Amino acid sequence: MNKICYGCGITLQNTNKDALGYTPKLTNDLCERCFRLKHYGEVKENDLISNADLIKTINKRKGVVFFLIDFLNINEENINIFKSIKLPKVLLISKCDILRKEMKYSKISNWLKKVYNITSEISYCSSIAHFSKINILKYTAKLGYNTCFLMGITNAGKSTFLNNLLKDNNIKKEVLTSKEKNTTLRFMKFMIDDIAVYDTPGFTYYNMNSSLPNGEIKPLSYNLKQASTIIINNDLYLSFKEANKIVCYLNNVSIKKEYKEQIGVEIKIPQNSDLVIPGLGFINIKEECMIVTNINNYEIRSSLSEE
Ligand SMILES: Nc1nc2c(ncn2[C@@H]2O[C@H](COP(=O)(O)OP(=O)(O)OP(=O)(O)O)[C@@H](O)[C@H]2O)c(=O)[nH]1
Ligand SMILES: [Mg+2]
């Protein structure tokens, strides 16, 4: 039987050094690419399955999909990927250890349903805190299936979630996890309690940041005077003509404030809205206003605090 690499899920082979899955010894558990990623943090080019092919593949299967996404990566692009899955599915907000303790899950769910028009079940987990509000094995069985898939955007924590599940069920196997994108490259099947659980490659998405949230998100509030400009990572700017109040929920960025109006395209922001910047997080803007910005790939949504 072909043996798969517990890093990427590709079948191990010892014949072609340049092809994926290569290992000098077939007794190894990891291919050379995953061995080097694990031990030296080395990132090699990946043979990625496109989002469209992943969707095609999953929509031909039977089972329940648990779609992982962390709070800072909730945006229209990623929610649309979730919506294109036709199987019974649950939106599983991962890495909940990054949420402030006072944030109520029920409030987040109501807001998500309203803002993104989500009709599926929404649940919460944190592999670091070792908790999941949903028992995916019981949920899968309750819906009458014996197969489930851990899916979601790359780096959402699918493989880490699976490792916790394997450990909790006394299965001495572990898949590779890493802070690099696209660690898992193929579907990997594990039998747990008569349920086939699949780890899967992550969906890729537009992301301006390569660093991952580390610990609780610390919101930064600013009372802005008129003609204030906020500069993120010495590059992206948002310029406000009038006084306003903003709260930044951004991941690992530098923020500077300047009193200088920028010139550029104006965008209208309704009262109490989020300006979502994919990969970085979002900025809650309290007062209706016009802003000038050089951020291209933004989204404006009504804010969670409005609920
Ligand atoms: N803060 C936090 N970090 C987590 C959690 N779960 C995973 N991570 C981190 O997120 C990164 C990605 O985790 P993986 O489990 O490899 O993510 P994945 O979804 O399998 O990623 P791909 O296989 O690349 O699609 C790693 O650095 C993990 O340590 C969590 O619950 N909280
Ligand atoms: Mg993975």
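What counts, and where the lines are drawn
Residues numbered from 1 in each chain as written. Chains lettered and ligands numbered in written order. Predicted model: local features only at pLDDT ≥ 70, side-chain atom pairs only at ≥ 80, totals over all residues. Helix = DSSP H or I, 4+ residues; strand = E, 2+ residues; numbered from the N terminus. Rg over C-alpha atoms; globule rule 2.2 N^0.38 Å. Buried ≥ 20, exposed ≤ 12 C-beta atoms within 10 Å, placed from the backbone. Contact = placed C-beta atoms within 7 Å. Core = buried A, V, L, I, M, F, W, Y, C linked by C-beta atoms within 7 Å. Domains from an automatic or database assignment. Pairing = 2+ DSSP bridges. Axes fitted to C-alpha atoms, helices over the stretch in contact; angles between N-to-C directions. Near = placed C-beta within 6 Å. Nonpolar A, V, L, I, M, F, W, Y, C, P; charged D, E, K, R; others polar.

Check the secondary structure of the chain and you find six helices and 17 strands. A compact globule built from 307 residues would reach a C-alpha radius of gyration of about 19 Å, and the chain, at 21 Å, matches this within 12%. In terms of overall dimensions, the chain has C-alpha extents of about 70 × 45 × 35 Å along its principal axes. Looking at the chain residue by residue over its 307 residues, the buried ones come to 35%. For the chain, the proportion of contacts with a sequence separation of at least 24, taken over those separated by at least 6, is 67%.

Counting residues in each nonpolar core, the largest one holds 49 residues, and the members touching the most others are Phe66, Phe67, Leu68, Ile69, Leu92 and Leu150. Listed by contribution, the elements that provide at least two residues to this core are α1 (32-40), α2 (51-59), β1 (64-70), α3 (76-83), β2 (89-94), β5 (147-152), α6 (158-168) and β7 (195-199). Counting residues per element, this core draws most heavily on β1, at six residues. Of the residues that make up this core, three or more belong to each of domain 1 (1-46) and domain 2 (48-199). Counting 19 residues, the second-largest nonpolar core is a separate cluster that includes Leu238, Ile246, Cys248 and Cys289.

A few words now on the sheet that holds β5. Taken together, the seven strands give an open sheet; going across it, the order is β4-β3-β2-β1-β5-β7-β6, and neighbouring strands pair in mixed fashion. The open sheet terminates on both sides in strands that have one partner only, identified here as β4 (131-132) and β6 (188-192). Taken together, the five bridges between β6 and β7 define a ladder with antiparallel strand orientation. Each residue of the ladder has a partner; that of Met188, found in β7, is Asp199.

The buried fraction of β7 amounts to four of the five residues, a majority that puts the element mostly inside the structure. Relative to β7, β5 is paired through four bridges, and the arrangement is parallel. Across the sheet, residue Thr147 finds its bridge partner in β7, namely Ala196.

On to the sheet that holds strand β11 (residues 244-250). Strand order in the open sheet made by the five strands is β8-β11-β15-β14-β17, with antiparallel pairing throughout. In this open sheet, the two strands that pair with only one neighbour each are β8 (220-224) and β17 (299-302). Pairwise comparison of adjacent strand axes, ignoring direction, gives a mean angle of 25 degrees for this sheet. The pairing of β11 with strand β15 (residues 281-285) spans five bridges and is antiparallel. Residue pairing in the sheet places Tyr249 in a bridge with Phe282 of β15.

A separate point is the site of ligand 1. In the neighbourhood of ligand 1, 25 residues make up the surrounding shell, with Gly157, Ser159, Thr177, Thr184 and Gly202 lying closest. The element contributing the most residues to the shell around ligand 1 is α6, with three residues. A class-by-class count of the residues in the shell around ligand 1 yields six nonpolar, 14 polar and five charged.

A few words on α6. For α6, the complete set of buried residues consists of Lys158, Ser159, Thr160, Phe161, Leu162 and Leu165. Remark: Asn170 follows α6 within two positions and exhibits a positive phi of approximately 55 degrees.

This part is about the domain arrangement of the chain. According to the domain assignment, the chain contains domain 1 (1-46), domain 2 (48-199) and domain 3 (220-306). Distance between the C-alpha centres of domain 2 and domain 3: 31 Å. Listed by partner, the interface residues are seven residues for domain 2 and eight residues for domain 3. The set of elements that each furnish at least two residues to the side of domain 2 that touches domain 3 consists of α3 and α4 (105-116). Element by element, the count of residues in the side of domain 2 that touches domain 3 is highest for α4, at three residues. Split into classes, the residues belonging to the side of domain 2 that touches domain 3 amount to four nonpolar, one polar and two charged.

Alignment of strand β9 (residues 228-232) against strand β10 (residues 236-240), held across five bridges, turns out to be antiparallel. Bridge pairing in β10 places Thr229 opposite Ser239. The hairpin formed by β9 and β10 contains three residues between the paired strands, and Asn233 there has a positive phi angle of roughly 50 degrees.

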